[in-house]
Amino acid sequence: MSKVTVKQAEKNELNWINAKYSEVDFVKSNYENEYIVIAKVGNGIAGLGRLVKIDENNIELGGIYVFPNFRGLGVAENIVRNLCDRNPFGKSVIWCLPFENLLNFYSKFGFQNCENIKAPEKVASKLNWCNSESQYGKTVLLLCKTN
C-alpha cells in the first residue's frame, strides 16, 4: 500500500482546489486566511482539507474531502492530523462541525463536544444552517479543541 503524504497547497493551486470543492458543494477557499493542504497516495491526489481563520482566537477545521478512489486508506486521518499539528495561526480554539457519526474520528485528535460553550457567531450560524431541516437530514455536532 502506498504511503499518504500531505503538503501545504500553493496559491497557484487555488482554482483547482475550488473546482474540487464545488463538485461537492463546499464553500470555496480563500488563500489569504486559510491553511489548505492536499493529500496524495503515491502519485495520486487523494484529498483536501483546510483551517479557516475566523478571528485572532478562533479557527475552523473543515473542507475535509477524500476523493472516492482513495477512501478507506487513512487519508482523512492524515489530513486532520497535519492540519492540527501544523496550524500556522498560533494558539487558538479550533472549531469543527462534523456529522455526529464522525464524533469518534475527531475525538482521536482531541476534539470534544462544545455545545455548552459559546462559539463565534460565524461558527454558530453555520451550525444552525447545517442542522436546519432542509440541509442534510443528519445531525451536525459542534466540536472544539484548544491548540
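Attention in this report is confined to the structure presented alongside it. (Residues numbered from 1 in each chain as written. Predicted model: local features only at pLDDT ≥ 70, side-chain atom pairs only at ≥ 80, totals over all residues. Heavy atoms only, no water.)

**Considering the packing of aromatic side chains**
The condition is simple: We call Phe, Tyr and Trp rings a pair once their centres come within 6.5 Å, taking the six-membered ring for Trp, and we label the pair stacked below 30 degrees between planes, edge-to-face above 60, and tilted otherwise. A run of DSSP states H or I qualifies as a helix once it reaches four residues; a run of E qualifies as a strand once it reaches two. Both are numbered from the N-terminal end. Buried, partly exposed and exposed residues are distinguished by accessible area as a fraction of the type maximum, computed with a 1.4 Å probe on protein chains only: under 20%, between the cut-offs, and over 50%, respectively.
For the coordinates displayed, the defined rule picks out 7 aromatic pairs. Here the aromatic rings of W16 and F67 are separated by 6.2 Å at their centres, their planes lie at 85°, and the arrangement is edge-to-face. Highlighted residues: W16 in helix α1 (residues 14-23) and F67 in the loop between β4 (58-66) and α2 (75-85), separated in sequence by 51 residues. A relative accessible area of 31% places W16 in the partly exposed class. For the pair F105 and F109, a centre-to-centre distance of 5.3 Å together with 65° between the ring planes defines the contact as edge-to-face.

**Examining the pattern of salt bridges**
Oppositely charged side chains can form a pair if their charged atoms are brought close together. What counts, and what does not: Salt bridges are counted wherever a side-chain nitrogen of Lys or Arg sits within 4 Å of a carboxyl oxygen of Asp or Glu.
With the rule as written, the count across this model stands at 7 salt bridges. One salt bridge connects E60 with K126, and the closest N-O pair in it is separated by 2.8 Å. Of the two residues, E60 is situated in strand β4 and K126 in helix α4 (residues 121-130); the sequence distance between them amounts to 66 residues. What makes E60 buried here is its relative accessible area of 8%. Each member of the salt-bridge network shares a partner with another, and the members are E77, R81 and K108.

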